[in-house]
Amino acid sequence: PRGASIGVEYEPAAASSKSSGDISILSMQLRKVKAAAIWTKDVDTLECFVKEQSSAMGDFPGPVPVIYWGVPDAASLDRVAEGGASAVVIDYAQTLDASMQPKLENTGIIWKVSSVEQMQQSIDNNAGDIFLLSESLLQSTNFADIETAKESLSAIPKSAVTIASL
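The structure reproduced in this document is the subject of the present report. (Residues numbered from 1 in each chain as written. Predicted model: local features only at pLDDT ≥ 70, side-chain atom pairs only at ≥ 80, totals over all residues. Heavy atoms only, no water.)

### Section: the pattern of salt bridges
Summed over the entire model, instances satisfying the criterion amount to 3 salt bridges. D44 is the partner of R79 in a salt bridge, and the nearest nitrogen-oxygen pair spans 2.4 Å. Placement of the pair is R79 in helix α3 (residues 74–83) and D44 in helix α2 (residues 43–54), with a sequence separation of 35 residues. In this structure R79 comes out as partly exposed when scored by relative accessible area, which is 34%. In this structure, R79 and E47 form a salt bridge, with 3.0 Å as the shortest nitrogen-oxygen distance. A residue pair is termed long-range when its members are at least 10 positions apart, and R79 in helix α3 and E47 in helix α2 qualify at 32 residues. When salt bridges that share partners are traced, they join D44, E47 and R79 into one network. (Salt bridge = Lys/Arg side-chain N within 4 Å of Asp/Glu carboxyl O. Helix = DSSP H or I, 4+ residues; strand = E, 2+ residues; numbered from the N terminus. Buried < 20%, exposed > 50% of the residue type's maximum accessible area, 1.4 Å probe, protein only.)

Following this line, the structure appears as structure tokens:
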């Protein structure tokens, strides 16, 4: 069975507009409305979200996963991993530097893929089975035609967890 849930992307308008108090309030409200995840490309913001979400440990509703999907360079990955991100998005077409892998030991990896073949390859190589479908993959599939949509969706490996950014 397949299901759908809604996550929220937060992107600060400008560096000067970020307030940790405002982010904490937003974080709490997103938990209360049962957002599936909070996505951000900003490491400072990620740290604020993680701090607030961790305060809900043991409560109902519990913490919402906080996912980093900015540029995964060595410096940001250090901060993301130390900051407690639930997962980080990495483009499957890029090689993950071996020195970065230990940094992500306790952080999930969501592979951004541009084809069903990349998903299958990742699963076959035990690299992971959680995927962010790229815009190019979504745009190349005609979801307006129900038969084409069914065919495209049936090609996705059954063990895969897929995420679409719309």
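### Remarks on unusual backbone geometry
The omega angle of the peptide bond from F60 to P61 is -5 degrees, so this bond is cis rather than trans. In the Ramachandran plot, K34 falls in the positive-phi region, its phi being about 65 degrees despite a non-glycine side chain. As for its position among the elements, K34 is in the loop between α1 (20–32) and β2 (38–40). We classify K34 as exposed; its relative accessible area is 59%. Non-glycine residue N126 carries a positive phi angle of around 55 degrees.

### Considering the packing of α1 against α2
Remark: α1 packs on α2, axes separated minimally by 9 Å, with the N-to-C direction vectors making an angle of 55 degrees. One element, α1, and the other, α2, form an angle in the oblique class. Between α1 and α2 the crossing geometry is right-handed. Across from S20, I23, S24, L26, S27, M28 and R31 in α1, the residues of α2 making contact are T45, C48, F49, E52 and Q53. (Axes fitted to C-alpha atoms, helices over the stretch in contact; angles between N-to-C directions. Parallel < 35°, antiparallel > 145°, perpendicular 65-115°, else oblique. Left-handed = near helix turned anticlockwise from the far one by under 90°. Contact = heavy atoms within 4.5 Å.)

### Some points on α2
With 12 residues, α2 extends 16 Å between its outermost C-alpha atoms, agreeing within 8% with the 16 Å of an ideal straight helix rising 1.5 Å per residue. At its buried positions, α2 is contacted by β1 (8–10), α1, β2, β3 (66–68) and α3. At the N-terminal boundary of α2, the capping side chain belongs to D42, with an oxygen 3.3 Å from the backbone nitrogen of D44. (Expected span 1.5 Å × (residues − 1). Polar contact = N/O pair within 3.5 Å; in protein donor to acceptor, adjacent residues only side chain to side chain.)

### Looking at the nonpolar core
Nonpolar side chains in soluble globular proteins generally cluster together in the buried interior. Core analysis: the largest hydrophobic core is formed by 31 residues, its most contacted members being W111, V113, M119 and F131. Of all the elements, α2 adds the most residues to this core, at 4 residues. Among residues more than four places away in sequence, those in contact with W111 are I90, D91, Y92, L96, S122, A127, G128, I130, F131 and L132. (Core = buried A, V, L, I, M, F, W, Y, C linked by side-chain atoms within 4.5 Å.)

### Describing the packing of aromatic side chains
Per the counting criterion, the structure on display carries 3 aromatic pairs. Ring centres of W39 and W69 lie 5.8 Å apart, and the angle between their planes is 80 degrees; on these two criteria the pair is classed as edge-to-face. In this pair, W39 sits in strand β2 while W69 sits in the loop between β3 and α3, placing the two residues 30 residues apart along the sequence. Each of the two residues, W39 as well as W69, counts as buried. The interplanar angle of 85 degrees and the centroid separation of 5.4 Å between the aromatic rings of Y92 and W111 together place this pair among those described as edge-to-face. With Y92 in the loop between β4 (87–91) and β5 (108–113) and W111 in strand β5, this residue pair connects regions lying 19 residues apart in the sequence. The pair formed by Y92 and W111 is uniform in burial state, with each residue classed as buried. The aromatic ring of W69 is capped on one face by K41, whose charged end is 4.8 Å from the ring centroid. (Phe/Tyr/Trp six-rings, centres within 6.5 Å; stacked < 30°, edge-to-face > 60°. Lys NZ or Arg CZ within 6 Å of the ring centre and 35° of its normal.)

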